[in-house]
Amino acid sequence: MQKERGSWSTGIGFILATTGSAVGLGNIWRFPYIVGTGGGGIFVLVFLFFILVIGVPLMMAELALGRAAKRNPVGAFRVLAPGTSWWVVGLLSILSSLLILSYYSVIAGWSISYLVQTIQGGFAGFTNQEMGEQFAQLTGQVTAPLFYHGLFLFITVLVVKKGISGGIEFWSRILVPFFFLLNIYMMIQVLSLPGALDGLVWFLRPDPTALTVRTALGALGQVFFSLSLGMGAILTYGSYLPEEEDIPGRALLICLADLALAILAGLIIIPAVFAFNFQVDAGPGLIFITLPAIFNQMDNGVLFGSLFFLFLSIAALTSAISLLEVVVSYLIDEVQMKRGVAVILAGSAVFILGIPSSLSQGRFSLQILGYSFLDFMDLLASDLTLPLVGLLTVIFAGWFWGPSKAQGELDSAARPLFFQIYFPLIRYVIPLVLGYIFFSSIF
Ligand code: PHE
């Protein structure tokens, strides 16, 4: 079984793969549009605060639990709390992974189709309105989006089938650094457009009167989604982590890298929205109407646009890999399946689950509670199941697993302070904050 599980070949490979899991559509697609609907600067500020106070400690906790147990999420809770029902938390996180991957893959499919269209020069000369129509036209079709959803999943399945160090480390190693550079270049281009500074101000200046429980929940959900927390992905990656790796330092680095890319995406998209007079609260389509307009303005726009959508698709891939790996590691460890069988089974299930999300954008317009099926799935996961699993995980790590075992995983002689800050946060602060936001928004 140990051989079926695998392990990271190098420490840097682990950092890149975990960063690859965190960095994805959450940073580039979700963050700007949630900032747009969530009120700008105040949302950004709350998000920043939650990353540091909740995101970093929770990532440390998930990595520590994973490494201590060396199991998938269900197995981890079984090993760490034998004879209890805590394994249900693991099961919930595996179901969340399936749920998220189902629509994540649909949006990644849109990214691939934008890649194809950009390469063909398909957005040249479009007006703002035509950008919007183009997005509606693409996502409203039946076969093309389903095809790209299937294609994206197929590639994900191929990589996960190769096992964790061969497939996942390789892609992340190439992707992360290049994507950063491209984004920085684009930010410089966008900020020099006339009108862009209004967007910059809107993005950076917090308006405290706009702070509501709804804003806080939105920011919280975005922290979970963006850092891949609350669905066992980080826990699973931690289970492949060698003993000598320093968890607190790694966790901080990964969270900061993820934060940096989200802010960078915000500094590209929001100023561009103001410069081109798009609607900042346009919702999930925001980047797909804004980015082509940016590339139309740039010298060598087709080249940069193609590169961007290529990188975005690969960034989505490295995240999707971690989501699928959660389910696959469960099937390998707990159901004793062979990796190949597990991957194909999970991949097929996700494809079928994603069909209603893909169709919900077009003439079938499947809706639940006034949201399109896809948006509903997204909210269900990020604002409900992820924070819930997160809350249960901190209660487990803080009260049941307890300080001495956590200390064994987290306390490194080099960073004694880390643990002293971490533990009170995990035990008292995070459960209270999470519990408060969570329950006051439900009732
Ligand atoms: N964090 C990823 C992103 O920002 C999405 C993701 C969520 C990946 C959960 C794995 C687990 O795109």
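For the structure, see preceding data.
Each chain carries its own residue numbering, running from 1 in the written order of its sequence. With the structure being a predicted model, the display of local features is reserved for residues of pLDDT at least 70 and the display and counting of side-chain atom pairs for 80 or more, all residues being used for whole-chain, interface and lining totals. Heavy atoms throughout the structure, all of them, feed into the side-chain values; hydrogens and water do not.

Chemist: I would appreciate a short explanation of the overall build of the chain in the present structure.
Modeler: Helix and strand counts for the chain come out as 18 helices and two strands. Throughout, radius of gyration means the C-alpha value; the globule benchmark is 2.2 Å times the number of residues raised to the power 0.38. A compact globule built from 443 residues would reach a C-alpha radius of gyration of about 22 Å, and the chain, at 21 Å, matches this within 12%. C-alpha extents for the chain along the principal axes are approximately 60 × 50 × 40 Å. For the chain, the proportion of its 443 residues judged to be buried stands at 60%. Every residue pair with non-hydrogen atoms within 4.5 Å of one another is taken to be in contact. A separation of at least 24 residues holds for 83% of the contacts in the chain among residues at least 6 apart in sequence. For the area figures, the Shrake-Rupley method with a 1.4 Å probe applies, and any residue is considered shielded solely by the protein chains shown. For the chain, the accessible surface area stands at approximately 16600 Å², while carbon and sulfur atoms represent 68% of it. Neither His nor the chain ends is counted toward charge; the positive residues are Lys and Arg and the negative residues Asp and Glu. By convention, charge coordinates are those of NZ in Lys, CZ in Arg, CG in Asp, or CD in Glu. Across the chain, 19 positive and 22 negative side-chain charges occur, with their mean positions spaced 10 Å apart. Only DSSP runs of H or I reaching four residues or more are called helices, and only runs of E reaching two or more are called strands; each is numbered from the N terminus. Exposure categories follow from relative accessible area, calculated using a 1.4 Å probe and restricted to protein chains: below 20% of the type maximum is buried, above 50% is exposed, and the middle band is partly exposed.

Chemist: Help me out: how do you make sense of a nonpolar patch on the surface in this one?
Modeler: Residues Phe-147, Leu-151, Phe-154, Ile-155 and Leu-158 make up a contiguous nonpolar surface patch of roughly 460 Å² in combined accessible area. For Ile-155, the location among the structural elements is in helix 8 (residues 143–161). Overall, the relative accessible area of 34% leaves Ile-155 in the partly exposed class. Only residues above 30% relative accessible area that lack a salt bridge enter a patch, with like-charged residues linked at up to 9 Å and the nonpolar side chains Val, Leu, Ile, Met, Phe, Trp and Tyr linked at up to 5 Å. Basic side-chain nitrogens of Lys or Arg form a salt bridge, by our definition, when they fall within 4 Å of a carboxyl oxygen of Asp or Glu.

Chemist: Can you help me understand the pattern of salt bridges in this one?
Modeler: Side chains that differ in charge, positive against negative, can pair when their charged atoms come close. All chains considered together, the criterion is met by seven salt bridges. Here Glu-243 and Lys-70 are joined by a salt bridge, their closest N and O atoms 2.8 Å apart. Here the residue Glu-243 occupies a position in the loop between helix 12 (233–238) and helix 13 (247–276), and Lys-70 occupies one in the loop between helix 4 (41–69) and helix 5 (73–80), the gap between them amounting to 173 residues. On the basis of relative accessibility, which here comes to 25%, the residue Lys-70 falls in the partly exposed class. Across the salt bridge formed by Arg-78 and Glu-334, the nearest N and O atoms sit 2.7 Å from each other. Of the two residues, Arg-78 is situated in helix 5 and Glu-334 in helix 15 (residues 301–335); the sequence distance between them amounts to 256 residues. Classification of Glu-334 as partly exposed rests on a relative accessible area of 24%. Here the salt bridges do not stand alone but share partners, grouping Arg-67, Lys-70 and Glu-243 into one network.

Chemist: Would you mind showing me how to read the side chain of Ser-322 here?
Modeler: Tracing the backbone shows Ser-322 in helix 15. Relative accessible area serves as the criterion here: at 2%, Ser-322 is assigned to the buried category. In protein, a polar contact requires one atom able to donate a hydrogen and another able to accept it; more generally it is a pair of N or O atoms within 3.5 Å, and residues adjacent in sequence count only if both atoms are side-chain atoms. A polar atom in the side chain of Ser-322 sits 2.7 Å from the backbone oxygen of Ser-319. In contact with Ser-322, other than residues within four places in its own chain, are Ser-21, Ala-233 and Tyr-237.

Chemist: Sorry if this is basic, but what is going on with the packing of helix 8 against helix 15 here?
Modeler: Packed helix pairs are specified by the crossing angle of their axes together with the interaxial distance, meaning the distance between the axes. For helices, the fitted axis covers only the stretch in contact; all axes are lines through C-alpha atoms, and the angles between them, taken along N-to-C directions, range from 0 to 180 degrees. For the pair helix 8 and helix 15, the least separation of the axes is 9 Å and the interaxial angle reads 60°. Judged by the inter-axis angle, helix 8 sits oblique to helix 15. Here helix 8 runs over helix 15; the crossing is right-handed. Between helix 8, through Phe-152, Ile-155, Thr-156, Val-157, Val-159 and Val-160, and helix 15, the contact on the second element is made entirely by Ser-313, Ala-316, Leu-317, Ala-320, Ile-321, Leu-324, Glu-325 and Val-328. Residues are sorted three ways: Asp, Glu, Lys and Arg are charged, Ala, Val, Leu, Ile, Met, Phe, Trp, Tyr, Cys and Pro are nonpolar, and all the rest, Gly among them, are polar. Class assignment for the residues of the contact of helix 8 with helix 15 results in 11 nonpolar, two polar and one charged. Roughly parallel refers to an angle under 35 degrees, roughly antiparallel to one over 145, roughly perpendicular to one between 65 and 115, and oblique to any angle outside these ranges. By definition, turning the near helix anticlockwise from the far helix through less than a right angle yields a left-handed crossing, and turning it clockwise yields a right-handed one.

Chemist: What is the right way to look at the packing of aromatic side chains in this model?
Modeler: Each aromatic ring pair is characterised by the separation of its centres together with the angle its planes make. By convention, a stacked pair of Phe, Tyr or Trp rings (six-membered ring in the case of Trp) has centres within 6.5 Å and planes under 30 degrees apart, an edge-to-face pair has planes over 60 apart, and any other such pair is tilted. Within this structure, the stated rule accounts for 29 aromatic pairs. Note on Phe-178 and Phe-311: the rings are 6.5 Å apart at their centroids and 35° apart in plane angle, and the pair reads as tilted. Taken as a pair, Phe-178 in helix 9 (residues 164–191) and Phe-311 in helix 15 lie far apart in primary sequence, 133 residues in all. On the basis of relative accessibility, which here comes to 49%, the residue Phe-178 falls in the partly exposed class. Looking at Phe-311, the relative accessible area reads 13%, which means it is buried. For the pair Phe-179 and Phe-308, a centre-to-centre distance of 5.6 Å together with 45° between the ring planes defines the contact as tilted. Within this pair, whereas Phe-179 is found in helix 9, its partner Phe-308 is found in helix 15, the two being separated by 129 residues in sequence. Note on Phe-179: relative accessible area 1%, which makes it buried.

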